[in-house]
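Spelled out from the first residue to the last, the chains are:
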Amino acid sequence: MQSDGERVLGGLLESMHLAAMEDLPALVSAHVRLIGCSDTVIYVTDLQQQVLVPLPGQREESGEPLEPIRIDTTMPGRAFRAVEIVQAKPLAAEEGQRVWVPLLDGTERVGVLGTTVAAYDELAEWRLKQLASLVSVLVVSKRPHSDSYARLVRVRPMALSAEVMWNLLPPGTYANEDVVVSAALEPAYEMGGDAYDYAVDGSVLHLALFDAMGHDTSAGLTATVAMGSCRHNRRQGMELPAISEAVDAAIKEQFTGRFATGILACLDLRTGLLSWVNRGHHPPLVIRGGQCVATLESVPIPDPPMGFGLGFSTGLLRYQLQRGDRLLFYTDGIIEAQSPDGETFGLERFVDFIIRQEADGVSAPETLRRLIQAILRHQSGSLQDDATVMTVEWRTERRHQLIL
């Protein structure tokens, strides 16, 4: 005989096969009443992870639509930032306990779920975690073909180049027992030539970062060709130097005078051996024990950017990581961001920011969210160039649960 929890989760999963994104809040609310949850609401994060926005159709008791919630200054935002269940100030005994539960798909922070339970105990906590996991999967499964969701998570109109690129990028966070990958990109609505990519193939993590010339639709198309060529040839089994040459040829074939700098890399998750090719890009950095211990320079110089057909000479480079090392890949928009009085954000400030957040125990995704906001503040909210950063941590130990 099924328990109430099993009926809720199983019934909700079955009902969602033919449901649209807009149906999700009502279906969840109806099912969770069976386990004593009331006033259940679902919020998802906007593109820039500054606010939590309610899924369509949800209303206050007064009948007014729910309003967005700031991530940095609220209890729901704390649940999102810290990836932990947050209990609101206790209500009257007869009204129950209000809680906010983070919504995670793997390690991607999707949003939060708010609900009121009669009593918050171990059973209630377990049920809420299971419910949140299922709701996250349902949201993620519905969003690729939901225009209402795409509009919902945008706070302003999006440029064509950004529209194209967002549909190509992998999620901003990925983790397994060996590695944590996090990435962030701004400006979210007007990005042009920056792009990042990663993929796992057995015990190998593939990585790529591109910075195409310009800040317009053509720059976005250049980055699109670069990323598409990289993926295509990687999946054909090409080695990194040959992939970079294929990207070089693809850009040159499609465009005149266009180019992209980039890093193409792979990390052996068993041994920690990093291999990479640098095509005219800023060198990756290695953070270890609260210090920047290595700048992975190309010797004698980086190979030329891709798109000129100039070939390369340095070729494949290698570096041995230690468990717990964190790699930093970035584009020039991170360190060259200028304040109104001309002060650049700078490499030293960038590295120091990452190290301080790590020392405070802040997760990699939250660190990058805070970094991007710090850079936006430095430039008074307006970036002159695309700013992209990707971190890769080779984890200190194998674990049997996903931890950000």
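The paragraphs below set out a description of the structure included in this document. (Residues numbered from 1 in each chain as written. Predicted model: local features only at pLDDT ≥ 70, side-chain atom pairs only at ≥ 80, totals over all residues. Heavy atoms only, no water.)

**Here's the deal with unusual backbone geometry**
What you tend to see is this: most non-glycine residues have negative phi, and most peptide bonds are trans. The omega angle of the peptide bond from E186 to P187 is 0 degrees, so this bond is cis rather than trans. Positive phi outside glycine occurs at D39, with the angle close to 50 degrees. With respect to the element layout, D39 can be found in strand 1 (residues 37-45). Backbone geometry at Q49 places phi at a positive 55 degrees, although glycine is not the residue there. Inspection of the secondary structure puts Q49 in the loop between strand 1 and strand 2 (51-54). (Helix = DSSP H or I, 4+ residues; strand = E, 2+ residues; numbered from the N terminus.)

**Focus: the packing of aromatic side chains**
The geometry of an aromatic ring pair is captured by two quantities: the separation of the ring centres and the angle between the planes. For the structure on display, the rule yields four aromatic pairs. With a centroid separation of 6.1 Å and 35 degrees between ring planes, the pair formed by Y174 and Y198 is classed as tilted. A residue pair is termed long-range when its members are at least 10 positions apart, and Y174 in strand 7 (residues 173-175) and Y198 in strand 9 (residues 194-201) qualify at 24 residues. What makes Y198 buried here is its relative accessible area of 9%. A cation over an aromatic ring shows up here: R98 above the ring of W100, its NZ or CZ 5.3 Å from the ring centre. (Phe/Tyr/Trp six-rings, centres within 6.5 Å; stacked < 30°, edge-to-face > 60°. Buried < 20%, exposed > 50% of the residue type's maximum accessible area, 1.4 Å probe, protein only. Lys NZ or Arg CZ within 6 Å of the ring centre and 35° of its normal.)

**Comments concerning the environment of L383**
As for its placement among the helices and strands, L383 is situated in the loop between helix 11 (364-378) and strand 17 (387-394). Taking the C-alpha atoms as reference points, L383 and A337, separated by 46 residues in sequence, lie 6.9 Å from one another. Excluding residues within four positions of it along the chain, L383 makes contact with E186, P187, I375 and L376. (Contact = heavy atoms within 4.5 Å.)

**Points about helix 11**
With 15 residues, helix 11 should cover 21 Å at 1.5 Å per step; its first-to-last C-alpha distance of 21 Å lies within 8% of that length. In terms of residue burial, helix 11 counts as a mostly covered element, since 13 of its 15 residues are buried. In the stretch just after helix 11, S380 is the one whose phi turns positive, near 55 degrees. (Expected span 1.5 Å × (residues − 1).)

**Brief notes about the sheet that holds strand 1**
Across a sheet, paired strands are connected by hydrogen bonds in the backbone, their directions being either parallel or antiparallel. Spatial strand order, 3-2-1-6-5-4: six strands in an open sheet with antiparallel pairing. Sheet topology places strand 3 (69-70) and strand 4 (86-87) at the edges, where each strand pairs with a single neighbour. As paired elements, strand 1 and strand 2 share three bridges and run antiparallel to each other. Bridge pairing in strand 2 places T45 opposite L52. Seen against the sheet, helix 3 (residues 75-82) touches strand 1, strand 2, strand 3, strand 4, strand 5 (97-105) and strand 6 (108-117) and runs at an angle of roughly 135 degrees to strand 6. (Pairing = 2+ DSSP bridges. Axes fitted to C-alpha atoms, helices over the stretch in contact; angles between N-to-C directions.)

**Quick notes on the pairing of strand 10 (residues 204-212)**
Counting buried positions over the nine residues of strand 10 gives eight, a clear majority of the element. Bridge count for strand 9 against strand 10 is eight bridges, and the pairing is antiparallel. Directly across from A195, in strand 10, lies its bridge partner F210. Relative to strand 11 (residues 260-268), strand 10 runs antiparallel, the two sharing nine bridges. Looking at the pairing, D211 lines up with T261 of strand 11.

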